[in-house]
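# Summary of structural features
Chain residues, written in single-letter form:
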Amino acid sequence: MKYVARIFFPISVIFWTSSVEASIFSGSNCTEIFMQASWTSLIYYPECFDNLPAGFPGVGVINKYYGSSPSMYSYLLFSSDGSGGFSTLVYFFDLPQYTFYCIAGDLNGDNIADLFLAGSSSPWEFNTYYTTENGFSDSYTFIPNQQTRIWGICDMDGDSPPDLYGTSGGTVVAWCGEGFGQYSLTEITGSVSAINVCAADLDSDGDSDIIYATTNCDFHVLLNQGEMVFTEYGTYDPIQASSQLEVCDLNGDDFPDVIAGNYAFTTFINTGSAEFVYGGDFDPGMYLDYYAVHDFDMDDCADLAILCDWNLDIYKGDGAGSFDLQPTLYSSSYAVVSPTSLSIDDYDEDGDPDLCCVITDSGYETMLMCYWNTTYSQGCENGSQNDEGLSFRVSTNPFRNNVTILPSCSGQQIQMEILDLSGRCINTVLQGSDGLFHWDGRGITGEQAPSGVYLVNLISDTGIVSAKLVKLE
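## Details of unusual backbone geometry
A cis amide bond, omega -5 degrees, links D237 with the succeeding residue P238. Along the polypeptide, P238 turns up in the loop between β19 (230-236) and β20 (244-248). One non-glycine residue, S193, lies in positive phi territory at about 60 degrees. Judged by relative accessible area, S193 falls into the partly exposed class, the value being 33%. In this model, S204 sits at a positive phi of 60 degrees, which is unusual for a non-glycine residue.

## Observations regarding a nonpolar patch on the surface
Taken together, Y65, M72, Y91 and F93 make up a surface patch of nonpolar side chains, about 380 Å² in accessible area. Residue placement: Y91 occurs in strand β5 (residues 86-92). Taking relative accessible area as the criterion, Y91 reaches 33% and is therefore assigned partly exposed.

## Observations regarding the sheet that holds strand β37 (residues 463-471)
Taken in spatial order, the 4 strands line up as β34-β33-β36-β37 in an open sheet, and their pairing is antiparallel. Both outer strands of the open sheet, β34 (425-429) and β37, are each paired with one neighbouring strand and no more. When strand polarity is set aside, the average angle formed by the axes of neighbouring strands in this sheet is 25 degrees.

## Some remarks on the pairing of strand β12 (residues 148-154)
Of all 7 residues in β12, 5 are buried; the element is thus mostly enclosed. With 6 bridges connecting them, β12 and strand β13 (residues 163-168) associate as antiparallel partners. Bridge assignment links T148 to a residue of β13, and that residue is S168.

## Here's the deal with the side chain of K316
Among the structural elements, K316 can be located in strand β26 (residues 311-317). You can call K316 buried: its relative accessible area is 18%. Among the polar contacts made by the side chain of K316, one reaches the side chain of D297 at a distance of 2.4 Å.

## A short note on the pairing of strand β17 (residues 209-214)
β17 sits mainly inside the fold: 6 of its 6 residues count as buried. Residues of β17 alternate between two faces, with D209, I211 and A213 on one and I210, Y212 and T214 on the opposite face, all of them buried. Bridge count between strand β16 (residues 194-200) and β17: 6 bridges; the pairing is antiparallel. The residue of β17 that forms the bridge with N196 is A213. In this sheet, strand β18 (residues 219-224) lies alongside β17 in antiparallel orientation, the contact comprising 4 bridges. Paired with I210 across the strands is L222, a residue of β18. Hairpin connection, β17 to β18: the antiparallel pair is bridged by 4 residues, and C217 has positive phi, about 65 degrees.

Analysis parameters
- Residues numbered from 1 in each chain as written.
- Predicted model: local features only at pLDDT ≥ 70, side-chain atom pairs only at ≥ 80, totals over all residues.
- Heavy atoms only, no water.
- Helix = DSSP H or I, 4+ residues; strand = E, 2+ residues; numbered from the N terminus.
- Buried < 20%, exposed > 50% of the residue type's maximum accessible area, 1.4 Å probe, protein only.
- Patch = residues over 30% accessible without salt bridge, like charges linked within 9 Å, V, L, I, M, F, W, Y side chains within 5 Å.
- Areas by Shrake-Rupley, 256 points an atom, 1.4 Å probe, with all protein chains shown as cover.
- Salt bridge = Lys/Arg side-chain N within 4 Å of Asp/Glu carboxyl O.
- Pairing = 2+ DSSP bridges.
- Axes fitted to C-alpha atoms, helices over the stretch in contact; angles between N-to-C directions.
- Polar contact = N/O pair within 3.5 Å; in protein donor to acceptor, adjacent residues only side chain to side chain.

So, in structure tokens, the structure goes:
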């Protein structure tokens with residue numbers, strides 16, 4: 001295959017902005033996906049399926065029915081329709097007793113999100129389900145050691161299929177994927193009291209590195225040298241005890257930063273070589289059940305969605321580690337959330353990230369809700385885009401399997417190409433009937449492009465605008 005190097009300087013991109021500060025989300029603009037009576041069942045752990053056979057994202061949840069003994073566990077997967085609605089894709093019962101969390105990710109390399117379920121029966125039993133056109137395949141059982149927690153899915157050794165990473169008895173471990181739901185254990189560290197692990201390409205070399213928190217109120221950086229060989233690269237403190245770790249681009253420089261939170265947040269900024277400097281502290285003044293970090297308004301500064309005992313709040317990031325309260329999407333004198341997480345994706349395919357979560361209303365009903373992001377619709381309707389030339393925004397960046405490019409509403413004929421950092425064109429993307437460009441992270445021959453930094457060029461009669469894309473595992 002012949003590649004033509006095309007590098008354009010200067011590289012710039014114009015982002016739409018609004019002269020009037022507007023809320024990222026509208027509390028009234030939400031959809032009830034599923035509801036159960038809370039005294040007989042409990043919905044929890046929503047997990048995003050960022051790609052399903054229909055091509056749209058979806059959300060899956062565990063449902064626990066405790067109206068009889070023993071309690072029954074089932075799994076529900078809902079597919080978005082790309083226009084603000086959801087349909088039930090699959091609903092299956094008889095999960096292992098005490099199924100207590102789920103992870104979605106591409107486990108077999110077909111670019112469709114699959115399901116990994118963990119159950120704490122004796123012995124602990126983890127199950128892999130591959131997503132098919134009609135729902136899920138039969139499960140493949142994986143029995144690890146006791147005190148094991150799987151934290152994520154990614155291809156850590158570059159051989160495909162993807163691997164699993166997590167902790168086992170305070171040790172950071174990985175399970176090398178061998179295909180068909182089978183895994184072999186690899187110990188990454190000794191016993192260090194690790195309690196939380198996340199993976200990202202911290203040094204921009206194309207492979208996944210590891211960050212883990214410990215009971216000593218610090219976090220460690222492990223750099224991936226290839227083939228599951230990791231080296232310690234730094235330790236940073238202090239952070240809150242039992243902090244949840246998230247990797248995100250806090251300041252828009254395309255390098256993954258770290259935010260650690262429990263009662264309060266501490267931010268650490270990546271200098272570009274997997275070395276971190278203290279960014280600042282942020283205290284929302286409440287106990288955090290769960291939080292998620294995402295650039296909801298696509299201004300190149302990461303924002304926060306925070307679940308506490310009574311509220312679901314959105315905080316807008318300033319790019320320097322501080323956050324301002326935007327809308328409180330939900331508030332109640334009764335517990336808003338049960339053990340849960342937040343599921344984020346562009347569920348209505350309008351180019352901005354939406355938010356799914358589980359809430360409890362007055363103790364009588366437990367609901368899976370989707371809150372719709374108003375960022376993109378405001379950008380198109382209020383005339384704030386640049387009409388003198390082409391401009392565009394990038395949705396869900398960094399991304400894993402899919403990313404959406406949103407050109408300005410100018411009606412121009414536009415071409416789009418994806419380049420690696422050497423200037424090699426790895427794919428061209430056609431504009432969809434909705435006016436957006438959707439890239440599935442693959443090269444022109446259909447292979448998955450490795451994680452790393454890419455350039456996207458939009459070419460029109462008025463010129464070329466470019467921006468960086470960051471592809472995660």
